[in-house]
Amino acid sequence: DMLMQDLTAQIAQATQDRDEKAELKAKTLQSKADAEGDLKDTTDTRDADQKYLDDLTATCEQKAADFESRQQLRAEEIEAINKAIEI
């Protein structure tokens, strides 16, 4: 009779341990899925931000080059005007 109670208690404990482990595994898998989703969202956002930065950098470089050429043109025009005034 004692052996039967002991075995019954062991079975109950083993069943409880199994249930706890199954619940922990389910939570872990859910956390993993959430983390993978967050990683994908973050990676997509980073890629979009990098593309925006690349486009913005190219635009700024082009505008800086355009500004420099306009400055050069204006300097040449001022020089031409000054020569015309001297004549």
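Use the structure listed above.
This is a predicted model, so every value here is computed, not measured. (Residues numbered from 1 in each chain as written. Predicted model: local features only at pLDDT ≥ 70, side-chain atom pairs only at ≥ 80, totals over all residues. Heavy atoms only, no water.)

K.L.:
Which residues make up the pattern of salt bridges, and what values do they have?
P.N.:
The full count for this structure, using the stated rule, is eight salt bridges. Put simply, Lys-40 and Asp-44 hold a salt bridge, and the shortest N to O gap is 3.0 Å. You can see Lys-40 and its partner Asp-44 sitting in helix H1 (residues 2-86), four residues apart, about one turn around the helix. Two residues, Lys-83 and Glu-79, come together in a salt bridge whose shortest N-O distance is 3.7 Å. Within this pair, Lys-83 and its partner Glu-79 are both found in helix H1, separated by four residues, close to a single helical turn. Judged by relative accessible area, Lys-83 falls into the partly exposed class, the value being 49%. For Glu-79, a relative accessible area of 45% corresponds to the partly exposed category. (Salt bridge = Lys/Arg side-chain N within 4 Å of Asp/Glu carboxyl O. Helix = DSSP H or I, 4+ residues; strand = E, 2+ residues; numbered from the N terminus. Buried < 20%, exposed > 50% of the residue type's maximum accessible area, 1.4 Å probe, protein only.)

Such coordinate-based values are descriptive only and should not be taken to indicate function.
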